[in-house]
Amino acid sequence: MKEDMSMTDLPCAIQIRNLAKTYKTGFWFKPKVTVALKGLHLDIYENQAFGLLGLNGAGKTTAIKLILGLLKPTVGQISVLGGRISDRRIRQQIGYLSELPYFSKQHTGRELLDYFGALHGMSGSALRHRVDEVLELVRMTKSAGEKVGGYSKGMLQRIGIGQALIGKPRLLICDEPMSGLDPVGYKEMRDIFIDLKKIGTTIFLNTHIMDEVERICDRIGIIHDGELKEVSMVTDILQSSVPVDYWVDVDAAQVSKLSGLPFQDAIQKNGGVQVTGMVLAETLALLTSRNATVKGVRPLSSLVEAYFLRAIGAQEHLAVSTGGRK
Amino acid sequence: MRKILTVGLFTFRELVRSKMLFVWLISVVVLCGLAFLLSLLSYGDILKIFMDLGLVGMEVSGLLVLLLSLAVTYNTEMDQKAIFLQMAKPLTKEEYLLGRVLGFFAMNALVVLGMGAVVVGLVVLVGGGVVPVLFYDCVVFLLLEMLVLSFLGLTFQMIGTTMVGVVLYSFFTILLGHCVGEIEWLLSKQLAPAARFLLQVVYYCLPNLEIFNLKDRVYDPTLVLHWAQWQDVLLYAFAYSFVVFLIGWISLEKREFK
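Quick caveat: nothing in here was measured; it's all calculated off a predicted structure. (Residues numbered from 1 in each chain as written. Chains lettered and ligands numbered in written order. Predicted model: local features only at pLDDT ≥ 70, side-chain atom pairs only at ≥ 80, totals over all residues.)

**Observations concerning the overall build of chain A**
Working step 1: Scanning chain A for helices and strands turns up 12 helices and 13 strands.
Working step 2: Considering only C-alpha atoms, chain A reaches an extent of 80 × 50 × 45 Å along its principal axes.
Working step 3: In chain A, which comprises 326 residues, the share counted as buried stands at 40%.
Working step 4: For chain A, long-range pairs separated by at least 24 residues make up 71% of all intrachain contacts whose partners lie at least 6 apart in sequence. (Helix = DSSP H or I, 4+ residues; strand = E, 2+ residues; numbered from the N terminus. Buried ≥ 20, exposed ≤ 12 C-beta atoms within 10 Å, placed from the backbone. Contact = placed C-beta atoms within 7 Å.)

**Some thoughts on the confidence of the model for chain B**
All names here are of chain B.
Working step 1: Taken as a whole, chain B shows an average pLDDT of 88; of its residues, 99% reach a score of 70 or greater.
Working step 2: The weakest mean pLDDT in chain B belongs to helix H2 (residues 21-41) at 82; the strongest belongs to helix H1 (residues 2-17) at 93.
Working step 3: At the level of chain-chain contacts, confidence expressed as ipTM amounts to 0.87, with global pTM at 0.83. (pLDDT = per-residue confidence, 0-100.)

**Some points on the domain arrangement of chain A**
All names here are of chain A.
Working step 1: Along its sequence, chain A is organised into domain 1 (2-93 + 169-239), domain 2 (105-167) and domain 3 (245-321).
Working step 2: Centre-to-centre separation of domain 1 and domain 3, based on C-alpha positions: 35 Å.
Working step 3: Split by residue class, the side of domain 1 that touches domain 3 holds 8 nonpolar, 1 polar and 3 charged. (Domains from an automatic or database assignment. Nonpolar A, V, L, I, M, F, W, Y, C, P; charged D, E, K, R; others polar.)

**What to know about the interface of chain B and chain A**
A common measure of how large an interface is: the accessible area buried when the components associate.
Working step 1: Across the boundary between the two partners, chain B contributes 23 residues, which contact 24 residues of chain A.
Working step 2: Taken together, the elements giving at least two residues each to the side of chain B that touches chain A come down to H1 and helix H4 (83-87) of chain B.
Working step 3: In terms of residue count, the dominant contributor to the side of chain B that touches chain A is H1(B) (6 residues).

**What about helix H9 (residues 193-205) of chain B?**
Working step 1: Here H9(B) contains 13 residues, and its C-alpha end-to-end distance of 18 Å stays within 8% of the 18 Å for a straight helix at 1.5 Å per residue.
Working step 2: In terms of burial, H9(B) is largely open, as just 0 of its 13 residues are buried. (Expected span 1.5 Å × (residues − 1).)

**Description of unusual backbone geometry**
It is generally the case that most residues other than glycine have a negative phi and that most peptide bonds are trans.
Residues and elements named next belong to chain A.
Working step 1: Of note in this structure, Leu81 is not a glycine but carries a positive phi near 50°.
Working step 2: Inspection of the secondary structure puts Leu81 in the loop between strand E5 (75-80) and helix H2 (88-91).
Working step 3: Leu81 gets classed as buried once you count the C-beta atoms within 10 Å, which come to 23.

**Quick notes on the sheet that holds E5(A)**
Residue and element names in this part refer to chain A.
Working step 1: Taken together, 3 strands build an open sheet; the order of strands is E3-E2-E5 and the sheet is antiparallel. Strands at the two margins of the open sheet, each flanked by one partner only, are strand E3 (32-45) and E5. Averaged over all adjacent pairs, the angle separating strand axes in this sheet is 20°, with direction ignored.
Working step 2: Of the pairings in the sheet, the one linking strand E2 (residues 12-25) to E3 comprises 10 bridges and is antiparallel in character. Among the inter-strand pairings, Cys12 is bridged to a residue of E3, identified as Tyr45. (Pairing = 2+ DSSP bridges. Axes fitted to C-alpha atoms, helices over the stretch in contact; angles between N-to-C directions.)

Rendered as structure tokens:
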């Protein structure tokens, strides 16, 4: 695993050492063993936003559940805010939003926040005040009196983030927080995270939305097949020379000029060709030499996405499967 | 203690709003209908009929509500994973379990006491009789039975992996718990060693629900409950509940929230 070594002096919010998790399923005499995490070694620093990126089934949710004590590690140690997660004083300082959170449909949004606030030890006017504050923050004041059973996916997600924030957490752990949100909800949620970062909340996000990572996170880790592949600062990635794929838009009417070129069929079929950054100049030179009109060139992915695809070794596979350069 | 009450109130509110009180309402309608019919047809002691019907109605509606409560909350907490967010909060597992039991018990108590009020109304207002003292003892015993079964049902929720399984385990435990006398009778017979061993395991694991059964003796003039009997029943109810609670707590401690 490649890791940045520039921040090892910073205080750790989460320290994970040699963490592994295997699941046994099936009958006891014929168990099927699934390895969900292999030797995870990771530090999440305080006052930073960390994004754990990975494909579905990569082990992101397992990692979060292990951190929160919802699952027990097969081997390895986890320290959260300097203590063990089983200590309720530690849990007092943590907010957690699960992927697609579910709540009892018989309660209103306000009652749910009241409940979760009371679990954080709040009561009376302090609780009422905090619930009002959180409802305002997640833009749910108007619907707070309605039963959760009538909420949309986006509203549930907002109440979910509300219950995570009710205890003014020092560490916020979110599993796919943007799931089910419309573009407006997505932007509002992103703004909430950015505001939380400003007040020094440590954020741990599980996601596969690259845009979210680029805008919110300071640092990212890439997990694939249960293994942490790379950890890097987002600023470093944005300044790096990670090869990005481009789409070269060519006038399909001029395809006759391209006979013999390897991408002639792709241009005839799609009106353009997908190439990696490394061969972009070469491709453009070839097209120009045949007097073909290049209508435009645009990047197909962000740098973070390209970094992610490279880390999990998916870029070449994608290039082949989309009919691009062979 | 405050967190136990918080979880209890949350559970109780969820159950009340899940229309559990309809069971009580239906039971009341059936009870009043039957009482009316029997008062027209019967030549026997109408007060005794009201009382017998009422006590059976109290127990059946309480048990029905318990089974429904287990099904509803298993679906929300375990199937839909609402428990995840609560387990990540500064809430201990024992607070969570005791809070849930409190919620179940409060719901059951509401149904049993509500039904009891209807029975008293029938006996006093319709039958023109007096409610025997043993009726109130019987109600307390019934509440103790509901407490034991609330702990047991919750423990099945912690152990079980499906809603149907939890409801079936609870149902058959209730059924067999009322057959302890029959199991004792079987144990007094000649049995193969393996069968005897198995039956003894069942006998000692099952709750003895007959210990809480005073229904048939409410009008027994010879029966007077002494403090020693109360002590036995209370001790049994709390000891059994405690052991079952421990099993539930260990199961929750060991449970992985995948």
